[in-house]
Amino acid sequence: MKLYDSGMGINAAGFFRDHWRGVERRQWWLSSSAIAVSLILTSGIVCLLLPSTIPQVSSYAFDTDLAMHALVGIILLFDVYVIFQQVQLFRFRRELAQREELFRLISENAADMIAVVDVDGQRLYNSPSYQKMLGYSQEELGKTSAFDQIHADDRKGVMDAAAEARRTGQGRTVEYRIRHKDGRWLTLESTASVVKNRSGQVEKLVIVNRDITERKQLEEQLYRSQKLEAIGRLSGGVAHDFNNLLGLIIGYAEALQQRIPPEDPYREAVDEIQNAGKRAAALTQQLLAFSRKQVLEPRILSLNTIITDVEKMLRRLIGEDIEMVLMLSPTTGTVKADRSQIEQVVLNLVVNARDAMPGGGKLTIETGRWRLDEATVSRHPYVIPGPYSMLKVTDTGCGMDAELQSHIFEPFFTTKEKGKGTGLGLATAYGVIKQSGGYIWVDSEVGKGTSFRIYLPEVTDAPEVIAEVKPVIAATSERRTILVVEDEPSLLKLTKNTLKGMGHTVFEAGDASEALAISRKTESVIDLLLTDVIMPGMSGKKLADTMLTERPGIGVLYMSGYTDGEIATHGVLEEGTAILRKPFTRDELLRRVEDALMSVAR
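Fair warning: this is a prediction, and the values are worked out from it, not measured in the lab.

K.L.:
In this structure, what is going on with the sheet that holds strand 18 (residues 579-581)? I would like to understand it.
P.N.:
Strand pairing in a sheet relies on backbone hydrogen bonds, with the paired strands running either antiparallel or parallel. If you trace the five strands from one edge of the open sheet to the other, you get 15-14-16-17-18, paired in parallel fashion. A strand with exactly one partner marks an edge of an open sheet, and here the two such strands are strand 15 (505-509) and strand 18. Recorded for the sheet is a direction-independent mean angle of 20 degrees between the axes of neighbouring strands. Running at roughly 170 degrees to strand 15, helix 13 (residues 489-501) makes contact with strand 14 (481-485), strand 15 and strand 16 (528-532) of the sheet. Against the sheet, helix 15 (residues 540-550) makes contact with strand 14, strand 16 and strand 17 (555-560), and its axis sits at roughly 160 degrees relative to strand 16, the strand it touches most.

Here you go:
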């Protein structure tokens, strides 16, 4: 609330004071004239009646005709004055009515709430917009102080600002929360002008309140998005180098596993190294997930199918003391999303629900078809209206207060004790759903449980059939020639040795120019180009286009540790593009190479 007496306010107040003083002077002039005319008329009447009432006066010479004409003239003058006075009064009443109508239109139609309070905070006037915005009637407001509906944490600041304005005639901006009649809290920003009496003392405050709840929500969303974007840029920037290092750790750990028998005392150490590398790779994907920059492979999916497929795992996860109920609507539509990521979202929500019910309870997973309409948009302006598939996870656990709910999607925020959680579960879920074009909202109350609602845009296509993953064979039936291009020497060496171990002929290059030189001096057939996407000089995409021109029919398999956004800028994510995500395991490398070679054979 900004309490001030600005220069513009002083000028406006002076103008209106001078105007109404002029009106008052005209009224005094009309009243004085009326008194003067009445006295003259009364004197004339007395002069006519005086001879008949006082005989002694009749001795004086008195022209009766002249007196009668004078009296008639005075009466006519009085009549003219009465008409003039009525005209002036009519003009005054019309001007007053116009100003009253103008004030009514302003007060009744202004989007902001206008109030007049005295120095003690008692309400003298509240505009009708108070009832529209806060739900309180004029009678209800009249029985309360201007500070009664203000949030307890903000009340002192508002009262201090008002006291400062009364003391100095100036003030400062204050934002505060005020309670709606239905119990929810709105955020107001108020400006006020100080009304002073003739002695210069503050007499009243005219306050204009503006509802900035929606703006504050949008600012909070923008702040959260900027925070996620900043962390996303950080994680995306290190993802490539970090994934290269993880690829080396995982790859060489697998190579050691092949040479060290299970009974060897050092085998456990090698297994732990590999497991640590895989956990670090998963952590990298979580960092990319909450920043909405992780790699997704969207497919047409059925939420009902996903829940049914992971049901057994979820029941083992929550334990016997928690009852899990599935309410899967047969009308639930299909969505386009990454199956593994949606499964991870469900897993995160179920784990959180389990942890919120340490003494047992009930977990409900519900699906259905939903339409987000204009009413939803009015509450959440960023929502795109339309048909959605809904996934709802509800528990009967401890619940959360409003303060906790405002932080749950923030990365690294957790209520679990140290070592029990990374604080990335819900942040990952938030990122996955947002990147899939959907929305995730939470409803919770302390002691009454929590409900997470996920809305994903509905599509009309039928769910895709997920092909069964075949185990990797020990060696390909046919040896091929592969050109590997990778700017990280250690990873290049590991990849070359792995492919040579499968019997392939492998050429290695550290960048695109070296790869082109090898290709141009090699007369034999090169079956597959396995290239990094982003390299110094020429990108993997341009290298592939050049080699496809020079060697038509060559297979291309990209590999990259960058995020989708980075890869897309280099033109790789077209439909049907084959890409191997870093860090990859030995099995993943061999499987994707085998698939790429089989595509060339067709």
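K.L.:
When you look at the packing of helix 9 (residues 339-355) against helix 12 (residues 425-435) in this model, what are you seeing that I'm missing?
P.N.:
Helix-helix packing: each pair is described by the crossing angle between the helix axes and the interaxial distance. At a minimum axis distance of 9 Å, the contact between helix 9 and helix 12 shows a crossing angle of 145 degrees. Remark: the crossing between helix 9 and helix 12 carries left-handed chirality. For the pair helix 9 and helix 12, contact is made by Gln-341, Ile-342, Val-345, Asn-348, Leu-349 and Asn-352 and by Gly-425, Leu-426, Thr-428, Ala-429, Val-432 and Ile-433, respectively.

K.L.:
Help me understand the pattern of salt bridges, please; the structure alone is not making it clear to me.
P.N.:
Opposite charge on two side chains permits them to pair, given that their charged atoms come into close proximity. Tallied over the full model, the rule gives 24 salt bridges. Of the charged contacts, one joins Lys-582 and Glu-486 as a salt bridge, the two residues approaching to 2.7 Å between their closest N and O atoms. With a gap of 96 residues between them, Lys-582 in the loop between strand 18 and helix 17 (586-601) and Glu-486 in the loop between strand 14 and helix 13 connect regions that are remote in the sequence. Glu-486 carries the same exposure label as Lys-582, and that label is buried. Two residues, Asp-545 and Lys-541, come together in a salt bridge whose shortest N-O distance is 3.6 Å. Of the two residues, Asp-545 and Lys-541 both sit in helix 15, four residues apart, roughly one turn of that helix. Bridged by salt links that share partners, the residues Glu-175, Glu-189, Arg-215, Lys-216 and Glu-219 form one connected network.

Thresholds applied
Residues numbered from 1 in each chain as written. Predicted model: local features only at pLDDT ≥ 70, side-chain atom pairs only at ≥ 80, totals over all residues. Heavy atoms only, no water. Pairing = 2+ DSSP bridges. Helix = DSSP H or I, 4+ residues; strand = E, 2+ residues; numbered from the N terminus. Axes fitted to C-alpha atoms, helices over the stretch in contact; angles between N-to-C directions. Contact = heavy atoms within 4.5 Å. Left-handed = near helix turned anticlockwise from the far one by under 90°. Salt bridge = Lys/Arg side-chain N within 4 Å of Asp/Glu carboxyl O. Buried < 20%, exposed > 50% of the residue type's maximum accessible area, 1.4 Å probe, protein only.

It is worth stressing that arrangement in space is one thing and function is another; only the former is reported here.
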